[in-house]
Amino acid sequence: MTGRRRSSLGDTRSGERGSDRRGQSEVLGVVLLLGITIMGTGLIVAFGSSALDDSKRTSEIDSAENAMTQLDSKASLVGIGSSPAQRASLGVGGVSVENRSGWMRIRVVNRTDGTTEHDVMNRTLGAITYENGDTDIAYQGGGVWRRTDGGSTMVSPPEFHYRGTTLTLPLVSVNGTDSLDGTIRMARGGPTESKFPKQGDAAFRNPLENGEVTVTVRSAYYEAWGRFFEQRTGGEVTYDHARKRVVITLVAPTETQNVTNALAGTTPDQMTIQGAGGSSFTDSYNSSDGPYSGSPSMPYEGTIVTKGSVELTGGAEVYGDIRTGGGTVDFGGGVAVHGNVSYGGTINCKDNGGGCKSVDGWQANNGTAPDISPIGELVTRKDATYSDASNNDNDAVTAINESTDEWNESESTLTLPSGAYYVDTETLDSSQTVEFDNTGGDVTLVVDDNIVWNDVNIDVADPDGGMVKLYTTGSRFHVIGGEVGDTATHESPVFRVYAGPGLDVKLDDSAKLVGLIYAPGTDTQSGSITVRTQSELFGGIVGGGNTLLKAGGSIHFDRALRSVQPVVGVSGDVPRVTYLHVSVSRVNVTSA
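J.: So what's going on with the overall build of the chain? Residues and values would help.
T.: In terms of helices and strands, the chain carries three helices and 47 strands. For the chain, buried positions account for 48% of its 592 residues. Here the analysis covers contacts within the chain between residues at least 6 apart in sequence; of these, 65% occur between residues at least 24 apart.

Shown next as C-alpha cells:
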C-alpha cells in the first residue's frame, strides 16, 4: 500500500514537471520569433537605407557628370567661341573652383643636342571640381575627368586635336571664386593669346624643322590625360607617377632626300677640291648596269651640292654640276667642271675676267641646296635598342664576345650572318676581316665607339642580299687602306654607314669603300669629309660641309642610289608634327 502511494505520488509530480517544461518552451519560442523578426527588420532597414544612400549618391554623381559636360560645352563657347559669357546650372552642391589645380607645358626641343628651343606655353589649368565621397568630377583643360580610388578616367575629351602632322591645342584655363552653388556665370577673361605661331616672330613659325614637341601635363587626372594622348596621337607617353605628370612627345618629320649627288654638304662650310699631287675628281656610274668602268664616262653626274663655298685648285675636275646655296665658288688654275655651275653667292674665276672658261656648261646665280636633317636621334635609338642583350644576336655568333660586347681577337674572319649585333668598342686590326653574310636578309651592326679601320677588309657576301646597316655613335669613321663593301660589283646601296652630326669621315692611303655614308651635319656640329691619296668612294656621301678631296681622291657617284630610300626606319614609332597651333583663353567663373 505504501509503495503504491509513493508510486502514485511520484507519477503525479512527474506529470507536473512535464507540463511546466511545455509552458516554458512555448514562451521561449515566442521570444525567439520576436527576436528574429526584430533583427530581420533591423537588417532590412539598415541595408535598405544603405542601398538608398548608394542609389542617391550614384544619381548625384551622374547628375554632376551631366552638369560638367554641359558646362564644358558652354565654357568652350566662351573660351574659343564667339560668346563673351554663358550661364550654366549645376544641379548639385559641393562644387568649387581650384585656381591652382594642375598645369600644362609645351616645349619645342632641339633633337640634335636636347636643348629647349622654345617654351611655347607654361600655364596653370585650374579646375571646376565636384566631390562626393571618394569620387571627383572635374572640368579641366577643356575636358571633363572623373577620379576614384581606382584611378582617373575621361568623361569628355579636352580641346586637343591631332590630325596628320598638325597639332591644334586651344587651351581653356579657368579661375574664379572658391565655392559655387546653383547657377554659375562664365565670362571671357581677356583676349585669346596665340602662343604658336607668333606673328612677326620668325622663331615661332611653321613648319617645324628638326625638332620635337613635348606636351607635359601635371594633374590629379594625369593617368586619364595620358590615355587620351595615346588614343589621340597613337604615340607612347611617359608617366611620372610620383609627381602626377604625363608627357607626350611629337617629332618634326626628318627631312631626308634621295641621294642624287656624289657629294652633299649640309652646312655652310667650305669644300676644297685639290688636284695637287694627282688628279682629284667626281664622276658617276650605275651599279644596276654593272661595275664602275675605271674612268669617267657619260653622263657626267658626279655633282657636288653644298650650302657653303667650293674651292677648286690644281688639277681638280668635276664630271657633273656644282650647286651651292651660298658662299663663293672659287676657281683656280688647271681645274675643270664638265657640267653647269649654279651658285647662291658669288663666283670667282681666275682664268679670265668674263666667265669661267673651265666650266663646260652654263653659269648662273640661282643656286640652292636642300635642307637635310641630321639623324642623331635614329642612331641613339638604335644604340639604346641593340645594346640590350635581349634585342641583339651576339650570343648566336663567335665573332663577338657576348660577355664583353667586343670583337673576338682570336678569329681572323669575323662572320656576322643576317641579324642584329652590338659592339661597344672597335678593336679590329689588319690581321682580321669582317664578313657580313647578308644572304639570308639584313645585317645590322651598332658600334658604340669611333670606327678606325687601318688596313682592315670589310666584305659583303651577297650584292643582291639584304642591306648591311652600320650605325656608329662615334665622331670618327676612318678607313686607312683596305677595302670596304663589294669592290667587285660596286653595288653601293647594299652597304650603308649611318651617324649623327659632327662625324669626321676620312678615306686615305688608297682605301676603297663601296657604299653610302649618311651623316648630315648641323651648323654647330658640322663634321668633315676627307678623301685623299688615291682613295676612292663608290656610292655617295651626305655629310658635313667641311670637305677635302686631295692627291688623287675620287668619288664615283652610283646613280642606283637615286631609286632607294636612303634612311630606313628614321620615322620610328613616334607621332609626327609639322604644324603647331597653340593658344590660351582664360575663363572667369563665378556664382550667378
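J.: With reference to specific residues and values, describe helix α2 (residues 222-233).
T.: For α2, with twelve residues, the first-to-last C-alpha span of 16 Å sits near the 16 Å given by 1.5 Å per residue. For α2, every residue scored as buried is listed here: Y222, A224, W225, G226, F228, F229 and T233. G234 lies just past α2 and shows a positive phi near 80°.

J.: Break down the sheet that holds strand β3 (residues 103-110) for me, citing the residues and quoting the values.
T.: The five strands lie next to each other as β4-β3-β14-β16-β15, forming an open sheet whose pairing is antiparallel. In the strand order of this sheet, the two ends are held by β4 (116-124) and β15 (237-240), each with one partner. Here the average twist between neighbouring strands, direction ignored, is 15°. Each of β3, β14 (211-218), β15 and β16 (245-251) is contacted by α2, which is oriented at about 175° to β15, the strand it contacts most.

J.: Break down the environment of T216 for me, with residues and values.
T.: Looking at where T216 falls in the secondary structure, it is placed in strand β14. Relative accessible area serves as the criterion here: at 4%, T216 is assigned to the buried category. Distance in space between the C-alpha atoms of T216 and N122 is 9.2 Å, their sequence separation being 94 residues. Excluding residues within four positions of it along the chain, T216 makes contact with W103, M104, R105, R245, V246 and V247.

J.: Before we move on, can you summarise the nonpolar core with the specific residues and values?
T.: If you look at the biggest cluster of nonpolar residues, it comprises 78 residues, and the most contacted ones within it are L312, F331, W407, L416, W453 and F477. In this structure, F477 is in contact with I451, W453, L470, V497, L503, D504, V505, K506, L513 and I517, ignoring residues within four places of it in sequence. Formed by 34 residues, the second largest nonpolar core is a distinct cluster that contains W145, L171, F228 and F229.

J.: An account of helix α3 (residues 376-386) is needed here, citing residue identities and associated values.
T.: Spacing of three or four residues puts side chains on the same side of an α-helix, whose turn is 3.6 residues. Here α3 has its buried residues at G376, E377, L378, V379, K382, D383 and Y386. For α3, the secondary structure elements touched by its buried residues are β16, β32 (419-423), β34 (443-447), β37 (468-472) and β40 (495-499).

J.: Would you mind going over the environment of E236 in detail, with residue names and values included?
T.: Within the secondary structure, E236 is located in the loop between α2 and β15. Relative accessible area serves as the criterion here: at 71%, E236 is assigned to the exposed category. Expressed as a C-alpha distance, the spacing of E236 and I248, which sit twelve residues apart in the sequence, is 6.8 Å.

J.: Could you give an account of unusual backbone geometry, with specific residues and numbers?
T.: F196 connects to P197 through a cis peptide bond whose omega is -5°. One can find P197 in the loop between β13 (193-196) and β14. Backbone torsion omega between N206 and P207 reads -5°, so that peptide bond is classified as cis. By the secondary structure assignment, P207 is in the loop between β13 and β14. For D405, which is not glycine, the phi dihedral falls at a positive 55°. Following the sequence through the fold, D405 ends up in the loop between β29 (400-401) and β30 (406-407).

J.: How would you sum up the packing of aromatic side chains? Please name residues and give values.
T.: Summed over all chains, the structure comprises 16 aromatic pairs. Ring geometry for Y498 and Y518: centres 6.4 Å apart, planes at 70°, overall edge-to-face. With Y498 in strand β40 and Y518 in strand β42 (residues 512-518), the pair connects residues that are 20 residues apart, well separated along the chain. Each member of the pair Y498 and Y518 is classed as buried. Sitting over the ring of F204, K198 keeps its end group 4.6 Å from the ring centre.

J.: Explain the pattern of salt bridges to me, using residue names and the numbers behind them.
T.: Per the stated rule, a full pass over the model turns up twelve salt bridges. Two residues, E193 and K195, come together in a salt bridge whose shortest N-O distance is 3.3 Å. Owing to a relative accessible area of 16%, K195 belongs among the buried residues under this scheme. Where salt bridges share partners, they join R123, E193, K195 and R586 into one cluster.

J.: Now, about the pairing of strand β2 (residues 95-98): what can you tell me, with residues and values included?
T.: Here β2 shows a buried face lined by V95 and V97 and an unburied face lined by S96 and E98. Relative to strand β11 (residues 179-180), β2 runs antiparallel, the two sharing two bridges. Across the sheet, V95 pairs through a bridge with L180, a residue of β11.

J.: I'd love a proper account of the sheet that holds strand β5 (residues 127-132), names of residues and values included.
T.: Spatially, six strands are ordered β8-β7-β6-β5-β2-β11 in an open sheet, and the strand pairing comes out antiparallel. The open sheet has two edge strands, β8 (151-156) and β11, and neither has a second partner. Here five bridges tie β5 to strand β6 (residues 135-140), and the two strands are oriented antiparallel to one another. Paired with I128 across the two strands is Y139, which belongs to β6. Strands in contact with α2 are β6, β7 (143-148) and β8; relative to β8, the strand with the most contacts, it is inclined by about 55°.

J.: Tell me what's going on with the side chain of D330, and back it up with residues and numbers.
T.: Secondary-structure assignment places D330 in strand β24 (residues 328-331). The exposure class assigned to D330 is buried, which follows from its relative accessible area of 19%. Within polar-contact distance, the side chain of D330 engages the side chain of N348 at 3.4 Å. Beyond its immediate sequence surroundings of up to four residues, D330 is in contact with V310, E311, L312, N348 and K350.

J.: How would you summarise the pairing of strand β33 (residues 433-437) if you had to cite specific residues and measurements?
T.: Of the strand pairs in this sheet, strand β31 (residues 413-417) and β33 are connected by five bridges, and their pairing is parallel. The residue of β33 that forms the bridge with P417 is D437. Pairing analysis gives four bridges linking β33 to strand β36 (residues 457-460), with the strands arranged parallel. Bridge pairing in β36 links E435 to D459.

J.: Can you tell me about the environment of R163, naming the residues and giving the values?
T.: With respect to the secondary-structure elements, R163 resides in strand β9 (residues 161-163). R163 gets classed as exposed once you look at its relative accessible area, which sits at 56%.

J.: Give me the lowdown on the side chain of S101, citing residues and values where you can.
T.: With respect to the element layout, S101 can be found in the loop between β2 and β3. The class of S101 is buried, set by a relative accessible area of 13%. Contacts of S101, omitting those with residues within four sequence positions, involve T124, L125, G126, A127 and Q140.

Basis of the calculations
- Residues numbered from 1 in each chain as written.
- Predicted model: local features only at pLDDT ≥ 70, side-chain atom pairs only at ≥ 80, totals over all residues.
- Heavy atoms only, no water.
- Helix = DSSP H or I, 4+ residues; strand = E, 2+ residues; numbered from the N terminus.
- Buried < 20%, exposed > 50% of the residue type's maximum accessible area, 1.4 Å probe, protein only.
- Contact = heavy atoms within 4.5 Å.
- Expected span 1.5 Å × (residues − 1).
- Pairing = 2+ DSSP bridges.
- Axes fitted to C-alpha atoms, helices over the stretch in contact; angles between N-to-C directions.
- Core = buried A, V, L, I, M, F, W, Y, C linked by side-chain atoms within 4.5 Å.
- Phe/Tyr/Trp six-rings, centres within 6.5 Å; stacked < 30°, edge-to-face > 60°.
- Lys NZ or Arg CZ within 6 Å of the ring centre and 35° of its normal.
- Salt bridge = Lys/Arg side-chain N within 4 Å of Asp/Glu carboxyl O.
- Polar contact = N/O pair within 3.5 Å; in protein donor to acceptor, adjacent residues only side chain to side chain.

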